[in-house]
Amino acid sequence: MSEPALSKKVEKSKVVVPEGLWTKCVSCRQIIYEKELIRNYQVCPKCGHHHYLPAISRIELLLDDASFKEINSDLKSGDPLNFKASKSYKMSLKEAGFATALNEAIITGEGKIDGKKVCLSVMDFKFIGGSMGSVVGEKVARAADFAINKKLPFIVVCASGGARMQEGMLSLMQMAKTSMAVGKIHENKLPFISIMAHPTTGGVLASFPSLADIIIAEPKALIGFTGARVIERTIKERLPDGFQTAEFLLKHGMVDLIASRAEQKEIVSQLLGFMGY
Amino acid sequence: MARFCMDFEKPVVELEDKLEQLKSLKAAGTGEIAHDIAELENQLERLKELIYKDLTAWQRVQIARHPQRPRVLDYINHIFSDFTELHGDRLYHDDPAIVGGLAHLEGDTFVVIGTQKGKNAKTNIKRNFGMPMPEGYRKALRLMKIAKKFNLPIITFIDTQGAYPGIGAEERGQAVAIAENLQFMSRLAVPIIAVNVGEGGSGGALAISVADRLIMLENSYYSVITPEGCASILWHDETKACDAAEALKITAEDLAKMKIADIIVKEPLGGAHRDVEKTYYILRKKLIDCYKELKTTCPNKKKLIEDREKKLNSIGRLTSV
Ligand SMILES: [Zn+2]
């Protein structure tokens, strides 16, 4: 099976859903009835490919109906570096806000899974590639403190390209902040489960999601520290098929299990049960 | 021996070469030549002031990468006594890009850890150009566990372009190796001082830099992405790295403003490599002072961990809707 580079797929998935009733699966190329795709949480009914799923829909997928209460929703990014490139950071933030109707790349809050109270944080890849800047770091840290205060299991769903370049070192330091935050979750003996969706890479992978008690990956998700292109350029070799996929990580002992969206809620609920919740 | 010369310092190096030539003349000590030498030396000082004062971010990056700049083991060997290097992660390998061990400084025992680059093609290959594998970060973690057990303070030295980008590194968990160090260092109840002596390359540098105090040498830099990488993303053009270096705010001064760097250590004019003995002397003194200050400010473990938590939590800029 030869597949195109997964990093290219990420780019394509940004434009996967044209207006209208029908859409084309990026994996099997078959035409799918749009409403069916939405009902199926963006999993292709023909081939099972997991397309981009907005954070809001992930909350619906995992939590009991209407049980979610958001916290720290008002936090927004400033532009601490006054970062100007071809597009200013301020403009990127504005556009991301319009595209997702979110204030930032993560939603945090509390809710219930089969009646069990949890603290849930979900990243949204469409908000500047789900990148982690000051606000994402702060919201993860505050969510961890919230979970500790309320003695709740800590659950995160990641979809992120890594640290947010436009905030420079302030974003890199969020890796330390969030790793410390989940360190306190462990000290308090609270369960910590992370779900890695497509993609979970770079500085985000090298911080809080990798420190969970149990790591669940979505099928075929791209999960890796360094981008495939950078590795290829450095080692001047072609990368093996399936490199940095969820299945590759499972084989190398980096994730506990792979679960499709249809299974995720039940698995998380059962794991929480094993942990006494 | 041919010297490595950065573009912006060409006039300095040319003048220095002329001066050397004059000095090597047989009659150098006498009459007119002596007068010319004195005159040139004067000019050179003024030129150095002019060129090395107010360096741009990109010029500092070039100094940080200078092949003759002291390496981490040079600092360790000149600053500490009795350095005993310890090897291996007890899991897979001994990564030569990370060095560490036990050493004395002014009568105190420290765990010392750092990234190690080579100085020429051969030693750079041996050291993998200072880019650690997961095994390197796990060796560092093992040494930090020794620090925890024996209640020893830690000093880390950073000089790396970043964690190694390779197939094996990914297979063996580069990301989780870094994450585990971040978590362990953020909660480890011994004093930790990190010193950036050259390049602070993203997560690969952060993995041994979570500390109570971050010291940066004047010409070191610390960045979320290499200036070249940033330029290629923003403008699809690596030659715009100088603009990226500026935009990313990566110098010691920038990072002190962001409260990420705590102490900036002045280097000899033109960079550490121009007077290495002086650099070792200044940094040694700063480390001793910094450790004293840290022990006074945080006399017990509780205060140490509380302050570290506050420090990490305070980094970042937020607004609200
Ligand atoms: Zn399909």
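Here the structure is a predicted model, which means the values were calculated and not measured.

Draft legend 1. Fine view of the state of the cysteines. Residues and elements named next belong to chain A. The final tally for this structure, using the stated rule, is zero disulfides over all chains. Of all cysteine sulfurs in the structure, the one in C119 sits closest to C158, which takes part in no disulfide; the separation is 13 Å. Judged by relative accessible area, which is 1%, C158 ranks as buried.

Draft legend 2. View of the domain arrangement of chain A. Residue and element names in this part refer to chain A. We note that the domain assignment places domain 1 (14–51) and domain 2 (52–274) within chain A. With six residues of domain 1 at the interface, the matching set in domain 2 holds eleven residues. Buried area between domain 1 and domain 2, both sides added, is near 810 Å², and the carbon and sulfur share of it is 61%. Linking domain 1 with domain 2 are zero salt bridges, by the criterion used here.

Draft legend 3. Geometry of the coordination of the zinc ion. All names here are of chain A. For the zinc ion, every protein donor is listed as C25 (SG), C28 (SG), C44 (SG) and C47 (SG), and the spread of their distances is 2.2 to 2.4 Å. In primary-sequence terms, the residues that donate to the zinc ion follow C-x2-C-x15-C-x2-C. Take C28: its relative accessible area is 24%, and that puts it in the partly exposed class.

Draft legend 4. Spotlight on the pairing of strand β5 (residues 192–201) of chain B. Residue and element names in this part refer to chain B. Burial within β5 is extensive, with ten of its ten residues counted as buried. As paired elements, strand β4 (residues 154–160) and β5 share six bridges and run parallel to each other. Residue pairing for β5: T160 is matched across the bridge by G200. Bridging between β5 and strand β6 (residues 213–217) involves four bridges; their strand directions are parallel.

Draft legend 5. Local environment of the interface of chain B and chain A. Each side of the interface is counted separately: chain B has 48 residues, and chain A has 57 residues. Counting the surface lost from both chain B and chain A, the interface buries some 4400 Å², and carbon and sulfur atoms represent 72% of this. The largest per-residue losses of area from chain B upon contact with chain A belong to I167, E170 and L318 of chain B, which jointly make up 14% of the total buried on that side. At the surface where chain B touches chain A, the tally comes to three salt bridges. Here chain B and chain A share twelve residue pairs in polar contact (both at pLDDT 80 or more) between them. Ranked by residues supplied to the side of chain B that touches chain A, first place goes to helix α8 (residues 174–187) of chain B with ten residues. Where strand β4 (residues 75–77) of chain A and strand β9 (residues 318–320) of chain B come together, three bridges link them in antiparallel fashion. By the bridge assignment for β9 of chain B, S77 of chain A is matched with L318 of chain B.

The rules we used
Residues numbered from 1 in each chain as written. Chains lettered and ligands numbered in written order. Predicted model: local features only at pLDDT ≥ 70, side-chain atom pairs only at ≥ 80, totals over all residues. Heavy atoms only, no water. Disulfide = S-S within 2.5 Å. Buried < 20%, exposed > 50% of the residue type's maximum accessible area, 1.4 Å probe, protein only. Domains from an automatic or database assignment. Contact = heavy atoms within 4.5 Å. Buried area = accessible area lost by both parts, 1.4 Å probe. Salt bridge = Lys/Arg side-chain N within 4 Å of Asp/Glu carboxyl O. Donors = N, O, S within 2.8 Å, 3.2 Å for Na, K, Ca; no water. Helix = DSSP H or I, 4+ residues; strand = E, 2+ residues; numbered from the N terminus. Pairing = 2+ DSSP bridges. Polar contact = N/O pair within 3.5 Å; in protein donor to acceptor, adjacent residues only side chain to side chain.

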